[in-house]
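Below, each chain spelled out in residue letters.
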Amino acid sequence: QVQLVESGGGLVQAGGSLRLSCAASGRTGRSNAMGWFRQAPGKEREFVVAINWSGSSTYYADSAKGRFTISRDNAKNTMSLQMNSLKPEDTAVYYCAARTDRNWSADSSSYAYWGQGTPVTVSS
C-alpha cells in the first residue's frame with residue numbers, strides 16, 4: 001500500500017514563508033512523478049507545481065512562479081514545497097500526489113496517490 005503524508009502547514013502572516021513536506025512509503029517517491037495541489041474553501045482543486053521522477057524537470061502554475069519551489073529527495077522518499085511571499089489567496093488545504101509514471105502532469109485526474117492534506121492559512 002502506497003501512502004503519502006504531508007506536514008508543515010499552519011498559520012502565517014502575509015509575506016511570510018512555510019515549507020511543506022511529503023513523505024512517501026514504498027516506491028512512489030523514488031521513481032514516480034509527483035506534484036502539489038491545493039483546494040481553497042468553496043473552490044475546486046487547483047494545480048500548484050509538479051516534478052518529474054528525478055527532480056530534473058519541474059512545472060509551476062502561474063500563481064506559484066517566483067514564489068514557490070518544489071524539490072525532492074529520492075534517497076529519503078520525501079518531497080518539499082518551499083513557499084515564500086505568501087498571500088491570503090494562498091490559503092488552502094495543500095495535497096501532495098504521485099503519478100504511476102515518470103513525467104509530470106498538471107491534471108489531477110492523472111495522479112493515482114494522494115496524501116491527506118495539510119492546511120495553510122495566510123492572514124492579511
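Look above for the structure.
Only a predicted model underlies this, so the values are computations on that prediction, with no experimental measurement involved.

What counts, and where the lines are drawn
- Residues numbered from 1 in each chain as written.
- Predicted model: local features only at pLDDT ≥ 70, side-chain atom pairs only at ≥ 80, totals over all residues.
- Heavy atoms only, no water.
- Helix = DSSP H or I, 4+ residues; strand = E, 2+ residues; numbered from the N terminus.
- Buried < 20%, exposed > 50% of the residue type's maximum accessible area, 1.4 Å probe, protein only.
- Contact = heavy atoms within 4.5 Å.
- Areas by Shrake-Rupley, 256 points an atom, 1.4 Å probe, with all protein chains shown as cover.
- Lys, Arg positive; Asp, Glu negative; His and termini not counted.
- Charge placed at Lys NZ, Arg CZ, Asp CG, Glu CD.
- Polar contact = N/O pair within 3.5 Å; in protein donor to acceptor, adjacent residues only side chain to side chain.
- Core = buried A, V, L, I, M, F, W, Y, C linked by side-chain atoms within 4.5 Å.
- Phe/Tyr/Trp six-rings, centres within 6.5 Å; stacked < 30°, edge-to-face > 60°.
- Pairing = 2+ DSSP bridges.
- Axes fitted to C-alpha atoms, helices over the stretch in contact; angles between N-to-C directions.

Student: Please give an account of the overall build of the chain that cites residues and values.
Tutor: From N to C terminus, the chain includes one helix and eleven strands. Seen in sequence order, the chain has helices and strands lined up from the N terminus as β-β-β-α-β-β-β-β-β-β-β-β. For the C-alpha atoms alone, the extent of the chain along its principal axes is close to 40 × 25 × 25 Å. The buried share among the 124 residues of the chain stands at 42%. Counting only contacts in the chain whose residues sit at least 6 apart along the sequence, the fraction spanning at least 24 positions is 58%. Element-wise, carbon and sulfur atoms account for 46% of the exposed surface of the chain, whose accessible area totals about 6,200 Å². Between the mean site of the 13 positive side-chain charges and the mean site of the 9 negative ones, the chain shows a separation of 7 Å.

Student: Please provide a residue-by-residue account of the side chain of R38, values included.
Tutor: Mapping R38 onto the fold places it in strand β4 (residues 34-39). Using a relative accessible area of 6% as the deciding quantity, one classes R38 as buried. Side-chain polar atoms of R38 contact the side chain of D90, separated by 2.9 Å. Among all residues touching R38, those that are not within four sequence positions of it are E44, R45, E46, V48, S63, F68, E89, D90, A92, V93 and Y94.

Student: Kindly report on the nonpolar core, identifying the contributing residues and their values.
Tutor: Formed by 25 residues in total, the largest nonpolar core has its most connected members in W36, F68, I70, M79, L81, M83 and Y94. Broken down by secondary-structure element, the contributors of at least two residues to this core are β3 (18-24), β4, β5 (46-51), β7 (68-73), β8 (78-83), β9 (92-98) and β11 (118-123). With six residues, the next largest nonpolar core counts F47, A61, A97 and Y111 among its residues.

Student: Residue-level account of the packing of aromatic side chains, with values.
Tutor: One pass over the structure, following the stated rule, counts six aromatic pairs. Between F37 and F47, the aromatic rings sit 5.6 Å apart at their centres with planes inclined by 70°, giving edge-to-face as the arrangement. A residue pair is termed long-range when its members are at least 10 positions apart, and F37 in strand β4 and F47 in strand β5 qualify at ten residues. Looking at F37, the relative accessible area reads 1%, which means it is buried. Ring centres 4.7 Å apart and planes at 10° place the aromatic pair Y59 and W104 in the stacked group.

Student: Tell me about the sheet that holds β8, and please be specific about residues and values.
Tutor: Across the sheet, four strands lie side by side as β1-β3-β8-β7; this open sheet has antiparallel pairing. Either end of the sheet is taken by a strand with one partner, and the two such strands are β1 (4-7) and β7. Averaged over all adjacent pairs, the angle separating strand axes in this sheet is 15°, with direction ignored.

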